[in-house]
Amino acid sequence: MLTWDQKQRVVGFRNDYRSYEGDVFRAGRAYPIPRSPRSLDGISYRYKRHDYRLSDYLHRNSVTGMMVIKDGKTVWEYYGQGNTPTTLWTSRSVGKSVVSTLIGIALKQGKIKSLDDAIVKYNPDVRGTVWENVTLRQLLQHSSGVAWNEDYTKPGSDFARLTQCEAGADAYECVRKLVEDPARQSYAPAGSSWSYSSGGAWLLGDTLEKATGKSLSQNLQEMIWQPYGMTQDGVWHSYLKGKHDVGAHGFNATLEDWGKFGLFVLNNGVLPDGRKMLPDHWMEEARHWVRARNSVSASHPEGIYGYQWWNNSVPSGTRDAAPLHGLEYENSQWAIGIFGQFIAVDQKENLVIVQWSTWPEAEPSFDTRPLETSLMFNAIANFLR
């Protein structure tokens, strides 16, 4: 996947759920998002001294699907490169934000007692490893202090080795041994430093499954997918069918259901029947940006990471670009996956924006495609206000 060309990436992302074992999370009674179409053709943004419209943005960023939901209604949607409303597209690390939300539900249910519990309380497999005293909160915030090489350009990185495990036999045991390797070391005291880690995210999902006694897909189906009225079945990449799904990625669903998940988050986990699935103030806590070293910078002095959600606001000091404001860090949180997958949620604007892409790079520098995305989304928010 890391070495595919653009054409391969489109086909691969659209068929990811067919490439691996998967657990289906089934829809129940569907409640499609109401439609209130609007033209967004007049929207523009400025990037590196050039003005671009929405059509330019779609082309420049290899966008294969996009949906804008304002005040609970879909106002604009786009499908490209052969994608359709029934396409199941892979989320990459957008799935981390789904897992984070399931952690909140488990906390509300009492299956997890406290985010400050050491993960060994729920996952005895980590006893005797460097992870033993790491807390659930530190896993959520990627501040475990445990060394993990996430480099998408290096074939020998921990992330690349994880993907190699996924392509082989007995994926669960292979990944477990990789993440929980007794030789794995800490690089900093837990809680003191931020470093993005799909290994830690996998362990978070594994711990949630052990705390609840259910796979990620089963948790998702029972707690969100069916009661919130998602429109189509989805598939979660499984390492051991019916028991262990991938905590770091592997969530596949339609564009509308990505958007409906964004609405679930926007509405603080309140179901159509009025039941509240998330703890009070959970989404505010989820975007309480980590103040640990490396999360805070001159560009983002407020921090860039929360409970597996990103602060993707325009960096401080950005020049030759506009609009600089629209989705502000105090109110917005972004689920982001490599190659340009997004769910942006802004509770103040009552807005959800979903994007599928096949960027040429897995993780370009922030002042390129991620910045352009922030500017485009700001322009949409301002236009619809």
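Residues numbered from 1 in each chain as written. Predicted model: local features only at pLDDT ≥ 70, side-chain atom pairs only at ≥ 80, totals over all residues. Heavy atoms only, no water.

**A word on the sheet that holds strand S13 (residues 351–357)**
On the basis of which strands lie adjacent, the open sheet formed by five strands has the order S5-S4-S13-S12-S11 and antiparallel pairing. Of all the strands in the sheet, just strand S5 (73–79) and strand S11 (332–337) have a single pairing partner and so form its edges. The sheet shows a mean angle of 5° between the axes of neighbouring strands, taken without regard to direction. Bridge count between strand S4 (residues 63–70) and S5: six bridges; the pairing is antiparallel. Within S5, the residue paired with Ile-69 across the bridge is Thr-74. (Pairing = 2+ DSSP bridges. Helix = DSSP H or I, 4+ residues; strand = E, 2+ residues; numbered from the N terminus. Axes fitted to C-alpha atoms, helices over the stretch in contact; angles between N-to-C directions.)

**Looking at the pairing of S11**
Where burial is concerned, most of S11 is hidden: six out of the six residues are buried. Bridging between S11 and strand S12 (residues 341–346) involves six bridges; their strand directions are antiparallel. Across the sheet, Ile-336 pairs through a bridge with Phe-342, a residue of S12. Between S11 and S12, which follow one another and run antiparallel, lie three residues, and Phe-339 among them has a positive phi close to 70°. (Buried < 20%, exposed > 50% of the residue type's maximum accessible area, 1.4 Å probe, protein only.)

**What about empty space enclosed by the protein?**
Applying the stated rule across the entire model yields three cavities of 30 Å³ or more. The volume enclosed by the largest cavity comes to roughly 60 Å³. Lining the largest cavity are Trp-131, Gln-138, Leu-139, His-142, Ser-143, Ser-144, Gly-145, Val-146, Tyr-187, Ser-195, Ser-197 and Gly-200. Along the lines of polarity and charge, the residues of the lining of the largest cavity split into four nonpolar, eight polar and no charged. (1 Å grid on protein atoms, 1.4 Å probe; cavity = no way out; pocket = protein on both sides within 12 Å on 5 of 7 lines; lining within 4 Å. Points joined across faces, edges and corners; volume = space filled by probe spheres on them. Nonpolar A, V, L, I, M, F, W, Y, C, P; charged D, E, K, R; others polar.)

**Some details on the sheet that holds strand S10 (residues 321–322)**
Sheet architecture is open: three strands sit in the order S3-S2-S10, paired in antiparallel fashion. One side of each edge strand has no neighbouring strand; the edge strands of this open sheet are strand S3 (50–53) and S10. Contacts from helix H12 (residues 369–384) reach strand S2 (44–47) and S10 within the one sheet, and its direction differs from that of S2 by about 150°. (Contact = heavy atoms within 4.5 Å.)

**Here's the deal with the pattern of salt bridges**
Going through the model one piece at a time under the given rule, you end up with 23 salt bridges. With a shortest N-O distance of 2.9 Å, Arg-369 and Glu-361 are connected by a salt bridge. A relative accessible area of 17% means that Arg-369 is categorised as buried. The exposure class of Glu-361 is partly exposed, given its relative accessible area of 32%. (Salt bridge = Lys/Arg side-chain N within 4 Å of Asp/Glu carboxyl O.)

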